[in-house]
Structures are given as C-alpha cells and as structure tokens.
Amino acid sequence: MTVTASEVKQKGVSLFEKLLDGFSEVVINVRGKDKYCVIPFEEYEEFRAYKLEKAHKEVMEDIEAGRYHSDLQRHFDAIEEAIEGD
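Residues numbered from 1 in each chain as written. Predicted model: local features only at pLDDT ≥ 70, side-chain atom pairs only at ≥ 80, totals over all residues. Heavy atoms only, no water.

Observations concerning the nonpolar core
Keep this limit in mind: Working definition of a nonpolar core: buried Ala, Val, Leu, Ile, Met, Phe, Trp, Tyr and Cys residues. They are joined through side-chain atoms within 4.5 Å. Burial classes follow relative accessibility: with a 1.4 Å probe on protein chains only, a residue under 20% of its type's maximum area counts as buried, one over 50% as exposed, and anything between as partly exposed. For the purposes of this entry, the term helix denotes a DSSP run of H or I that reaches at least four residues, the term strand denotes a run of E that reaches at least two, and both are numbered from the N terminus. We call two residues in contact whenever any of their non-hydrogen atoms come within 4.5 Å of each other.
Within the largest apolar cluster, eight residues are counted, these being Val 3, Val 8, Leu 15, Phe 16, Leu 19, Val 26, Ile 28 and Val 30. When residues of this core are traced back to their parent elements, those giving at least two are helix 2 (14–22) and strand 2 (26–30). With near-sequence residues (within four places) excluded, Phe 16 lies in contact with Val 8, Val 26, Ile 28 and Val 38.

Given below as structure tokens:
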C-alpha cells in the first residue's frame, strides 16, 4: 500500500495502524518517489536478525577464504581513504 507524505502529515501515526491491519507494509511516497517503508516492528526485528545472520555468514566465509588481515595501520589507512573519498 502506498500513501503520500501529505496523507501521513494529515492523519498521523494512526494511519499506519489502520493500513497495517490490511497490508504487510506501507510505502510513503514523497514528491512522486517511494522514499520510506513502514512495517510492523516484529517484522523489522526478523529482518534485522536476517541481516545480522547474513553479515556473520559473510565474515565467516571471508575468514575461511583468508580474505582478512589484522594489521591495524592498514585498517586505519583504509578508513582514512574512505573518509577522504566522501
């Protein structure tokens, strides 16, 4: 279900309560573009757990494949490069 930002402004949070009774998610459209998605908190927690599990799996795969280092200076240099690139 998609609603506009102005509908959210007019009706407030109660709008989500009503819409989430019938739909699994509510997309908020801002100036003609889908910008936000509202889902029940329980679903958010499941999604967050999935993302953490996926990240853990990727890290374990990197460790098993030897795609890591423990050189702190190399790590700090990479962080500085990333900051400078922004």
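Regarding helix 2
Because each turn of an α-helix spans 3.6 residues, side chains separated by three or four positions in sequence point in the same direction. Rule in force here: For this quantity, the arc is that covered by the directions from the helix axis to the C-beta atoms.
Along helix 2, the residues that are buried comprise Leu 15, Phe 16 and Leu 19. In an axial view of helix 2, the angular spread of the buried residues amounts to 90°, which keeps them on one side of the axis. Of the exposed residues in helix 2, the ones pointing more than 90 degrees away from its buried face are Glu 17, Lys 18 and Asp 21. Among the structural elements, strand 1 (2–4), helix 1 (5–11), strand 2 and strand 3 (33–38) are those in contact with the buried residues of helix 2.

Thoughts on the packing of aromatic side chains
Selection criterion: Working definition: a ring pair exists when centres of Phe, Tyr or Trp rings (six-membered ring for Trp) sit within 6.5 Å. Plane angles under 30 degrees give stacked, over 60 give edge-to-face, the rest tilted.
Considering all chains together, one arrives at one aromatic pair under this definition. On the numbers, 5.6 Å between centres and 40° between planes, the contact of Phe 41 with Tyr 44 is tilted. With Phe 41 and Tyr 44 both in helix 3 (residues 41–65), this residue pair falls three residues apart, about one helical turn. The exposure class assigned to Phe 41 is exposed, which follows from its relative accessible area of 57%. Residue Tyr 44 is classed as partly exposed on the basis of its relative accessible area, which comes to 38%.

Let's talk about the confidence of the model for the protein chain
Stated formally: For every residue, the pLDDT score states the predictor's confidence, bounded by 0 at the bottom and 100 at the top.
When pLDDT is averaged along the protein chain, the result is 94, and 100% of the positions lie at 70 or above. Mean pLDDT across the elements of the protein chain ranges from a minimum in helix 2, with 92, to a maximum in helix 3, with 97.

A word on the sheet that holds strand 3
Consider a sheet: its strands pair through backbone hydrogen bonds, and that pairing is either parallel or antiparallel. Inclusion rule: Pairing between strands requires that DSSP locate at least two bridges from one strand to the other. Between N-to-C directions, angles cover 0 to 180 degrees, with each direction set by a line fitted to C-alpha atoms, over the stretch in contact for helices.
Taken together, the three strands give an open sheet; going across it, the order is 1-2-3, and neighbouring strands pair in mixed fashion. Unpaired on one side and paired on the other, strand 1 and strand 3 mark the two borders of the sheet. Within this sheet the neighbouring strands show an average axis-to-axis angle of 35°, counted without direction. The pairing of strand 2 with strand 3 spans five bridges and is classified as antiparallel. In the sheet register, Asn 29 faces strand 3, and the bridge partner there is Asp 34. Across the sheet, helix 2 lies against strand 1, strand 2 and strand 3, angled at about 130° from strand 2, the strand it touches most.

A few points about the pattern of salt bridges
So the rule is basically this: Definition used for salt bridges: Asp or Glu carboxyl oxygen within 4 Å of a side-chain nitrogen of Lys or Arg.
With the rule as written, the count across this model stands at two salt bridges. Of the charged contacts in the structure, one is a salt bridge between Asp 62 and Arg 67, with a shortest N-O distance of 2.8 Å. A relative accessible area of 30% places Asp 62 in the partly exposed class.

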